[in-house]
Structures are given as structure tokens and as C-alpha cells.
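Each chain is listed here by its residues.
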Amino acid sequence: QQSPLPETSIATQISIERFEEIMKNAQKEYDVSSLVKKLRPSDSGFIPLQNISGFAGMLHSEDSNSIRMDSFVEMGLAELDVISDEDQLIDDDDDDIDID
């Protein structure tokens, strides 16, 4: 007589702690706490697996976030330079002499 097969259950959720461990072992470093919030965990501290598999948001590594921030800063500074140049042109117009 054979012994009965053990019951198997299909996991439908993962603990936040386990998810964080998995993400820490990824090749790239991610902002895991932000990602966890986007995955809408339950009050009991579990993330439904369907939220992970259905995640369609942007996922950027910490390196890419840093590169993007540097880009934004550079673009912002370039924008300030353009505005400064335009202000200079406007200021130059103020030096016109009016003859009555």
C-alpha cells in the first residue's frame, strides 16, 4: 500500500520580507520600498502574486534613477541658461533711447 501524496498548495502571495530579500539579490539595485507600495500589499504584510505579475509600471534601478536625476538637473540648468539669455535680451531692449 502506497502512502498518500502530500498535499501541495499553490502560493498566491509572498511576504514583503521575502520579496525584499529576492530583490536585494537582483543584479541591479532597486528602490524596493517604493516598489512594494506600488504592489499594494495587504495590511497583514503580504503581496498578492497577481499584483507582481500584473505590474505594468516603470521599474528603474537605483543607477538609472541617479542618471535620470542628473539628466533632469542638467536639463533644468540648461533651461535656466536659456531663460537667463532671454532676460538679457529683454534687458537690452530697455536701454533704447526714446526721442520725443
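This is a predicted model, so every value here is computed, not measured. (Residues numbered from 1 in each chain as written. Predicted model: local features only at pLDDT ≥ 70, side-chain atom pairs only at ≥ 80, totals over all residues. Heavy atoms only, no water.)

1. Considering the overall build of the chain
Within the chain, the secondary structure is distributed over four helices and two strands. Seen in sequence order, the chain has helices and strands lined up from the N terminus as β-α-α-β-α-α. Counting across all 100 residues of the chain, residues that qualify as buried make up 13%. Once local pairs closer than 6 in sequence are excluded, the contacts in the chain between residues at least 24 apart make up 56%. Carbon and sulfur atoms make up 51% of the accessible area of the chain, which totals about 8900 Å². (Helix = DSSP H or I, 4+ residues; strand = E, 2+ residues; numbered from the N terminus. Buried < 20%, exposed > 50% of the residue type's maximum accessible area, 1.4 Å probe, protein only. Contact = heavy atoms within 4.5 Å. Areas by Shrake-Rupley, 256 points an atom, 1.4 Å probe, with all protein chains shown as cover.)

2. A short note on unusual backbone geometry
The phi torsion at Arg40 lies on the positive side, around 50 degrees, for a residue other than glycine. Among the structural elements, Arg40 can be located in the loop between α2 (32-38) and β2 (46-48).

3. Focus on helix α1 (residues 16-24)
For α1, the set of buried residues is Ile16, Phe19 and Met23. Each buried residue of α1 sits inside an arc of 65 degrees when the element is viewed along its axis, so together they form one side. Set apart from the buried face of α1 by more than 90 degrees, the exposed residues are Glu17 and Lys24. Buried residues along α1 sit against β1 (13-15), α2, β2 and α3 (49-53). (Arc of directions from axis to C-beta.)

4. Re the pattern of salt bridges
In total, this model carries one salt bridge according to the counting rule given. The partner of Glu21 in a salt bridge is Arg18, and the shortest N-O contact between them spans 3.4 Å. Of this pair, Glu21 and Arg18 both sit in helix α1, three residues apart, which is roughly one turn of that helix. Assessed through its relative accessible area of 42%, Arg18 is described here as partly exposed. (Salt bridge = Lys/Arg side-chain N within 4 Å of Asp/Glu carboxyl O.)

5. Comments concerning the side chain of Ser15
Tracing the backbone shows Ser15 in strand β1. Ignoring sequence-local partners within four residues, the contact set of Ser15 consists of Gly45 and Phe46.

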